[in-house]
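Here's the letter readout for the chains.
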Amino acid sequence: MSKVHNFSAGPAILPQSAIQASVDALQNFAGTGLSLLEVSHRSKEYEAVVAEATQLVKDILKLGDDYAVVFLQGGASLQFDMIPMNWLGEGQTAAYTNTGVWASRAIKEAKLFGNVNVVASSEDQNFSYIPKGYTIPADACYFHYTTNNTIYGTEVFDIPNANGVPLVCDMSSDIFSRPFDASKYDLIYAGAQKNMGPAGTTLVIVKKSFLEKRVSKKLPTMLDYGVHIENGSMYNTPSVFAIFVCMHTLRWIKQVGLEAMEARNKAKADLLYNEIDRNSLFVGTVAKEDRSRMNVNFVLKNKEHESEFLKYCESKKLSGLKGHRSVGGLRASLYNALELESVQALVDAMREFEQSKS
Ligand SMILES: *Cc1c(COP(=O)(O)O)cnc(C)c1O
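Colleague: Quick question: what am I supposed to make of the pairing of strand β12 (residues 295-300) here?
Modeller: Looking along a regular strand, one sees the side chains alternate between the two faces of the sheet. For β12, a buried count of five out of six residues is recorded, marking the element as mostly surrounded by other parts of the structure. Inspection of the sheet shows strand β11 (residues 282-284) paired to β12 by three bridges, in the antiparallel sense. Bridge pairing links Gly-284 to Phe-298 in β12. Both β12 and strand β14 (residues 330-333) contribute to a ladder of four bridges, which runs antiparallel. Among the inter-strand pairings, Asn-297 is bridged to a residue of β14, identified as Arg-331.

Colleague: Explain the domain arrangement of the protein to me, please; I cannot follow it from the model alone.
Modeller: Interfaces are often sized by the amount of accessible area the parts lose when they come together. Splitting the protein by domain gives domain 1 (16-256) and domain 2 (257-356). For domain 1 versus domain 2, the separation of C-alpha centres amounts to 27 Å. Taken together, the contact pairs 29 residues of domain 1 with 27 residues of domain 2. Summing both partners gives a buried area of about 2,300 Å² for domain 1 against domain 2, and 56% of it is carried by carbon and sulfur. Contact with domain 2 buries surface across domain 1, with Ile-151, Pro-179 and Val-256 losing the most and accounting together for 22% of the total. There are two salt bridges connecting domain 1 and domain 2.

Colleague: Quick question: what am I supposed to make of the sheet that holds strand β5 (residues 143-146) here?
Modeller: Pairing between sheet strands relies on hydrogen bonds along the backbone, with the strands arranged either parallel or antiparallel. Read across the sheet, seven strands follow the order β2-β10-β9-β8-β5-β3-β4 without closing on themselves; strand pairing throughout is mixed. Across the chains shown, the open sheet's two edge strands, defined by having one partner strand only, are β2 (67-72) and β4 (115-121). Across the sheet, the mean angle from the axis of one strand to that of its neighbour is 15°, orientation sign disregarded. Here strand β9 (residues 187-191) runs beside strand β10 (residues 202-207); their pairing, made up of five bridges, is antiparallel. Bridged to Ala-190 within β10 is Leu-203. Packed on one face of the sheet, helix α3 (residues 75-87) meets β2, β3 (93-98), β8 (167-170), β9 and β10 and runs near 155° to β9. Its contacts with the sheet place helix α4 (residues 101-110) against β3, β4, β5 and β8, and it is angled at close to 160° to β3.

Colleague: Any chance you could explain the environment of Thr-221 here in plain terms?
Modeller: The residue Thr-221 is located in the loop between α5 (208-211) and α6 (225-230) in this model. For the pair formed by Thr-221 and Phe-29, sequence separation is 192 residues and the distance between their alpha carbons is 31 Å. When near neighbours in sequence (up to four residues on either side) are disregarded, Thr-221 contacts Val-227, His-228 and Tyr-235.

Colleague: What is the right way to read the packing of aromatic side chains from this model?
Modeller: Each aromatic ring pair is specified by the distance between its two centres and by the angle formed by the two planes. Using the criterion set out here, one finds 15 aromatic pairs in the structure. Relative to Tyr-145, the ring of Phe-143 lies with its centre 5.8 Å away and its plane at 10°, an arrangement referred to as stacked. Residue Phe-143 is classed as buried on the basis of its relative accessible area of 0%. Summarising the aromatic geometry, the rings of Tyr-312 and Phe-353 are spaced 6.2 Å apart at their centres and angled 35° between planes, so their arrangement reads as tilted. With Tyr-312 in helix α9 (residues 306-315) and Phe-353 in helix α10 (residues 340-356), this pair connects stretches of sequence that are 41 residues apart. Members of the aromatic cluster, connected to one another through ring pairs, are Tyr-134, Phe-143, Tyr-145, Phe-180 and Tyr-185.

Colleague: Would you mind showing me how to read the pairing of β9 here?
Modeller: Of all the five residues making up β9, five are buried; the element is thus mostly covered by neighbouring parts of the structure. Every second residue of β9 is oriented toward a common face, with Leu-187, Tyr-189 and Gly-191 on one face and Ile-188 and Ala-190 on the other, all of them buried.

Colleague: It is not clear to me how the nonpolar core should be interpreted in this structure. Could you clarify?
Modeller: Burial of nonpolar side chains together is a common tendency in soluble globular proteins. Leu-61, Phe-71, Phe-176, Leu-250, Leu-272 and Leu-346 are the most contacted members of the largest nonpolar core, which totals 86 residues. It is helix α7 (residues 240-256) that provides the largest number of residues to this core, a total of nine residues. When residues of this core are assigned to domains, at least three fall in each of domain 1 (16-256) and domain 2 (257-356). In this structure Phe-176 touches Val-57, Ile-60, Leu-61, Met-196, Leu-203, Leu-250, Ile-253, Leu-258, Met-261 and Asn-336, once residues within four positions along its chain are discounted. Ranked by size, the runner-up nonpolar core spans 29 residues in total, among them Leu-88, Ala-94, Cys-141 and Tyr-142.

Colleague: How should the site of the ligand be read in this particular structure?
Modeller: Among the 13 residues in the neighbourhood of the ligand, the closest are listed as Ser-77, Thr-150, Asp-170, Gln-193 and Lys-194. Within the backbone of Ala-76, one N or O atom sits 3.0 Å away from an oxygen atom of the ligand. In this structure, Gln-193 approaches the ligand through a side-chain N or O atom, which is 2.9 Å from an oxygen atom. Here the ligand loses 88% of its free accessible area of 390 Å² to cover by the protein chains. Top contributing element to the shell around the ligand by residue count: α3, with four residues. Looking at the shell around the ligand residue by residue, the class counts come to three nonpolar, eight polar and two charged.

Colleague: It is not clear to me how the pattern of salt bridges should be interpreted in this structure. Could you clarify?
Modeller: Two side chains that carry opposite charge are able to pair once their charged atoms sit near each other. Per the counting criterion, the structure on display carries 22 salt bridges. In this structure, Asp-277 and Arg-291 form a salt bridge, with 3.0 Å as the shortest nitrogen-oxygen distance. With Asp-277 in helix α8 (residues 258-278) and Arg-291 in the loop between β11 and β12, this pair connects stretches of sequence that are 14 residues apart. Of the residues examined, Arg-291 reaches a relative accessible area of 13% and is grouped as buried. One salt bridge connects Lys-316 with Glu-352, and the closest N-O pair in it is separated by 3.5 Å. Of this pair, Lys-316 sits in the loop between α9 and β13 (318-319) while Glu-352 is found in helix α10, placing the two residues 36 residues apart along the sequence. Taking relative accessible area as the criterion, Lys-316 reaches 39% and is therefore assigned partly exposed.

Cut-offs and rules
- Residues numbered from 1 in each chain as written.
- Predicted model: local features only at pLDDT ≥ 70, side-chain atom pairs only at ≥ 80, totals over all residues.
- Heavy atoms only, no water.
- Buried < 20%, exposed > 50% of the residue type's maximum accessible area, 1.4 Å probe, protein only.
- Helix = DSSP H or I, 4+ residues; strand = E, 2+ residues; numbered from the N terminus.
- Pairing = 2+ DSSP bridges.
- Domains from an automatic or database assignment.
- Contact = heavy atoms within 4.5 Å.
- Buried area = accessible area lost by both parts, 1.4 Å probe.
- Salt bridge = Lys/Arg side-chain N within 4 Å of Asp/Glu carboxyl O.
- Axes fitted to C-alpha atoms, helices over the stretch in contact; angles between N-to-C directions.
- Phe/Tyr/Trp six-rings, centres within 6.5 Å; stacked < 30°, edge-to-face > 60°.
- Core = buried A, V, L, I, M, F, W, Y, C linked by side-chain atoms within 4.5 Å.
- Near = heavy atom within 4 Å.
- Polar contact = N/O pair within 3.5 Å; in protein donor to acceptor, adjacent residues only side chain to side chain.
- Areas by Shrake-Rupley, 256 points an atom, 1.4 Å probe, with all protein chains shown as cover.
- Nonpolar A, V, L, I, M, F, W, Y, C, P; charged D, E, K, R; others polar.

Below, the structure is given as structure tokens:
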């Protein structure tokens, strides 16, 4: 089978080691003679998987015992509700920035539970830049932002100065893509299917001191972070398969290291952005200083060439390049596991397409 270059925005490319471990475990999990799909989540072999995945997150992000790590269900989207349910109390206000579709959805859900102050937005220019220079009110009960705007291709590289307001972040599409100071955050969440595993589980990291600040009202059991943390992601049946794949992906991330991962990701993004800027047929769609290293959005200057270019890409086994249905154009997702060689193949295709039009 010849290689397909996978530029999908999510579910997305995974390291080959995680795929191979999954194939093996589907037949015989950890020497049990049973498939991973048919073992008890309470078996000692599986409990070891959850324990290792949890510890790997802590090791990679250098987190101490003042943080709890859990793997939940409901996607990043359920976090949009759980966060305000747990921390946005009566009469309180939470601060948010609106930098894309996912941030907008987080805001929409938070409004169901309390007051929301949108302190900055880039909606005026179709989310093509990251707003800067805003202030976070000191009395906000938390500040929520999105590091990487998957659909638009913008990314926040500097951690906002929240002035003592608890910092909450959706890192679904760039977690583990570069080193960052995780100890600055009170809560981090990430749907696994972009950069750390398959669909079906969401990583949540909570500072224990923040956990103690939860609102006092009664919450449905499944929507209370305290319950999941006390039970080590095992209050109910977890996403057995998804967490297993995350564990193997996390092993690979730890082995590579976040510094080397960043260098890898920077090299891939530079290669593609340089070609977009050089090539007479293409143009990038977001502010240069806010360009994402994970999702590269661009268009053909002549819109009529778009479907032809996508067909050409398909013939070259370049997959997943169509932009999100809400923005159109092209989007190349360059998540951790994508190799530089795949980006080179895309750049070659862009050059050949340019020659064919000249
Ligand atoms: C994909 C994505 C989501 C939604 O994730 P689900 O797991 O599908 O709910 C939220 N935020 C960001 C930044 C995303 O990329």
